[in-house]
Amino acid sequence: MLDRIFPFLAWPRPGKSSLRDDLLAGITVALVVIPQSLAYAQLAGVPAYYGLYASLLPSIVGVLFGSSAQLSTGPVAMTSLLTAASIAPLAPLGSDAFIAHAVLLALLSGLFQVGFGLLRMGMAINLLSQPVLMGFINAAAIIIALAQLPPLVGMSSRQTSHFLLDTWHVIVNLDLMHEVSLMFGAGAMALLLAFKRYAAKVPGVLITAVLLTATSYAIGFSDMGGRVVGAIPSGVPSFVVPSVDWETTKELLPAAFVIALISFMEAMSSCKVIAIKTKRPWNENQELIGQGLAKIAAAFNHTMPVSGSFSRSALNLQSNARSGISGIVTAMVVLLTLLFFTPLLYHLPKPVLAAIIMVAVFNLINFQSFRRAWRASRDDGIAAVITFVTTLLFAPNIQDGILSGIIVSLCLHLYRGMRPRIAIASLHEDGTLRDAERFGLPPVHAAIGIVRLDASLNFVTAAALEDAVLKLERDKPRLKFLLLTASGINDLDATGAELLFKLAERLHQNGITLALSAAKKQVQDVIGKTGLDAMIGADNIYATDLLAVQGLLARVDA
């Protein structure tokens, strides 16, 4: 019980070798998280140093109460974008009201996740289909990249209810850009891409930030009109109870739900990779609780929502981290930075932070996923495209895009469910019942009709099966026996059972006997509990399809 409440108690006892590995891994990740967290705070619309706050206590809470020891918790691109997009219609970026809303959003999304975890709803999160998720991620990656265009070129960005129009306004006014800012931004992108291609194991983000911060200081970039991070308060963030306003809470609840959903999907993808490589299990519900508590800790530290980072978790794993101690070491390095090294960040150019974000999200863009979704299922392709388009069109309210995708996906799934595969079957030469039309099979007998349902028989599919049976009855005027082969039925609910009662009674009135064959154990249980076996008759229920055909043929010829 204690291990379930406090997962960190189950960590393996550290040895000298594992402690060394965790220490080195923690420092390595910290060298990446410091410039990244500043960049993602800028993306979220809060002061850059709030990213350092989000990398401190929330990351410790996430690793202590999560189930995946190598998962790195802190600011991430997707959650930061969702934060900015959700609050933008309510308050100006960077204002006190905006920051207060961001803190409240961290609290609400954290409560959602903790609630999901306590209710053991980890598996239910998978209701967000992969095509919808990929449609959203591709659109969000484009939005993230476009949102960094103004700081990349040293321009002010407009904040209206139409993100694409705001971006177009920047493009048509590029003559107003700050040339030196563009040089810093372009130079940062070139360095980051070069490190990624030719020296992937080197902390390219840190080296780029250090080099260009030193250059900024040397040439007086801020005196030229360039925008820098500026003064960062030294010391740890204060512990503050979030201010909860009911009216604002109501407006932020949908966004909090989306952030809870998307951020956990991002964390879950990292946990799955970690579990495969380390061969250690992880628990979806415990991770929901851990990530939720990390967000709540962020709220009480007066900072932005956090999530599990795929890139930093991969780096943690690559650096041979053995336990959650590596995550605590990362947080301690961030703490030392806040206590002693914040003056070194003063001249860090904001175009460099914009370049860090843009390069980071390039990996999120994957248009091949649309093609694969369309080839697998046209409905999935439609859901992916609708999610992608609506997310772009609704920006900055991108949560409306993902909600639209979820609704479309569920509606298409329900529509597919209402049109199950129902085949008129006949006996194949191999002794099995196959689709008569597909295999060109003649009827078993003019007095015998065979129907196969390849789906669960429930409230969604019952009407389709009833229509198929009634059509078969009309098409075969000499029909005496109607066999429902149940080998493809995995589940039978009350609506399905009631339909079978009704069909058995109606067919009996018309001189036709309903027979059933090859029912699975779970279907047999429902048949027995509801009394369907008595209604259909034990003589009309067969263990296999072949026995059913042989038995019915014998009865027709008798």
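Source: prediction; values computed, not measured.

Parameters at a glance
Residues numbered from 1 in each chain as written. Predicted model: local features only at pLDDT ≥ 70, side-chain atom pairs only at ≥ 80, totals over all residues. Heavy atoms only, no water. Pairing = 2+ DSSP bridges. Helix = DSSP H or I, 4+ residues; strand = E, 2+ residues; numbered from the N terminus. Contact = heavy atoms within 4.5 Å. Axes fitted to C-alpha atoms, helices over the stretch in contact; angles between N-to-C directions. Buried < 20%, exposed > 50% of the residue type's maximum accessible area, 1.4 Å probe, protein only. Polar contact = N/O pair within 3.5 Å; in protein donor to acceptor, adjacent residues only side chain to side chain. 1 Å grid on protein atoms, 1.4 Å probe; cavity = no way out; pocket = protein on both sides within 12 Å on 5 of 7 lines; lining within 4 Å. Points joined across faces, edges and corners; volume = space filled by probe spheres on them. Nonpolar A, V, L, I, M, F, W, Y, C, P; charged D, E, K, R; others polar. Phe/Tyr/Trp six-rings, centres within 6.5 Å; stacked < 30°, edge-to-face > 60°. Parallel < 35°, antiparallel > 145°, perpendicular 65-115°, else oblique. Left-handed = near helix turned anticlockwise from the far one by under 90°. Right-handed = clockwise from strand over helix to strand, strands pointing away.

Considering the sheet that holds strand β6 (residues 481-485)
Link 1 in the chain: A sheet is described by the order of its strands in space; here 6 strands give the open sequence β4-β3-β5-β6-β7-β8, paired in mixed fashion. Pairing within the sheet leaves two strands with one partner each, and these edge strands are β4 (433-435) and β8 (541-542).
Link 2 in the chain: Relative to strand β5 (residues 448-453), strand β3 (residues 422-427) is paired through 3 bridges, and the arrangement is antiparallel. In the sheet register, isoleucine 422 faces β5, and the bridge partner there is leucine 453.
Link 3 in the chain: Relative to the sheet, helix α21 (residues 462-475) contacts β3, β5 and β6, its axis offset from that of β5 by approximately 160°.

Examining the side chain of threonine 73
Link 1 in the chain: Along the chain, threonine 73 falls in strand β1 (residues 72-74).
Link 2 in the chain: With a relative accessible area of 5%, threonine 73 lands in the buried category.
Link 3 in the chain: Polar contacts involving the side chain of threonine 73 include one to the side chain of glutamine 291, which spans 3.1 Å.
Link 4 in the chain: Setting aside chain neighbours within four positions, we find threonine 73 in contact with Pro58, Ser59, Gly62, Gln291, Ala294, Val306, Ser307, Gly308 and Arg312.

Digging into empty space enclosed by the protein
Link 1 in the chain: Applying the stated criterion to the full structure yields 2 cavities of 30 Å³ or more.
Link 2 in the chain: The volume enclosed by the largest cavity comes to roughly 100 Å³.
Link 3 in the chain: If you go around the largest cavity, the residues you meet are Val29, Val33, Ser55, Ser59, Val63, Leu71, Ser72, Thr73, Asn316, Gly327, Thr330 and Ala331.
Link 4 in the chain: Every element with two or more residues in the lining of the largest cavity is listed here: α2 (16-44), α4 (57-65), β1 and α15 (325-341).
Link 5 in the chain: Among the elements that line the lining of the largest cavity, the one with the most residues is α15, at 3 residues.
Link 6 in the chain: Size it by volume and the second largest cavity reaches roughly 30 Å³.
Link 7 in the chain: Leu457, Ala486, Ile489, Leu492, Leu500, Leu516, Val523 and Ile527 are the residues that line the second largest cavity.
Link 8 in the chain: When its residues are assigned to classes, the lining of the second largest cavity shows 8 nonpolar, no polar and no charged.

What about the packing of aromatic side chains?
Link 1 in the chain: Counted under the stated rule, the structure contains 15 aromatic pairs.
Link 2 in the chain: When the ring of tyrosine 49 is compared with that of tyrosine 53, the centres are 5.5 Å apart and the planes differ by 70°; the resulting orientation is edge-to-face.
Link 3 in the chain: Its relative accessible area of 18% is what places tyrosine 49 among the buried residues.
Link 4 in the chain: Where phenylalanine 370 meets phenylalanine 388, the ring centres are 5.4 Å apart and the plane angle is 80°; that geometry is what we call edge-to-face. Within this pair, whereas phenylalanine 370 is found in helix α17 (residues 368-376), its partner phenylalanine 388 is found in helix α18 (residues 378-394), the two being separated by 18 residues in sequence.

So, the packing of helix α10 (residues 179-198) against helix α11 (residues 204-219)
Link 1 in the chain: Orientation of α10 relative to α11, taken along the N-to-C sense of each, is 155°, at an axis distance of 9 Å. Judged on the interaxial angle alone, α11 and α10 are roughly antiparallel. Our pair here, α10 against α11, has a crossing hand that is right-handed. Here Phe184, Ala188, Leu191, Leu192 and Phe195 of α10 come into contact with α11, specifically with Gly204, Val205, Ile207, Thr208, Leu212, Thr215, Ser216 and Ile219.

Considering the pairing of β6
Link 1 in the chain: Burial of β6 is extensive: 5 of the 5 residues sit out of reach of the surface.
Link 2 in the chain: Alternating residues of β6 divide into Phe481, Leu483 and Thr485 and Leu482 and Leu484, and every residue in both groups is buried.
Link 3 in the chain: Where β5 and β6 come together, 5 bridges link them in parallel fashion. Among the inter-strand pairings, isoleucine 448 is bridged to a residue of β6, identified as phenylalanine 481.
Link 4 in the chain: Pairing analysis gives 5 bridges linking β6 to strand β7 (residues 513-517), with the strands arranged parallel. The residue bridging leucine 483 from the neighbouring strand is alanine 515, located in β7.
Link 5 in the chain: As a crossover connection, the stretch from β6 through helix α22 (residues 494-509) into β7 is right-handed.

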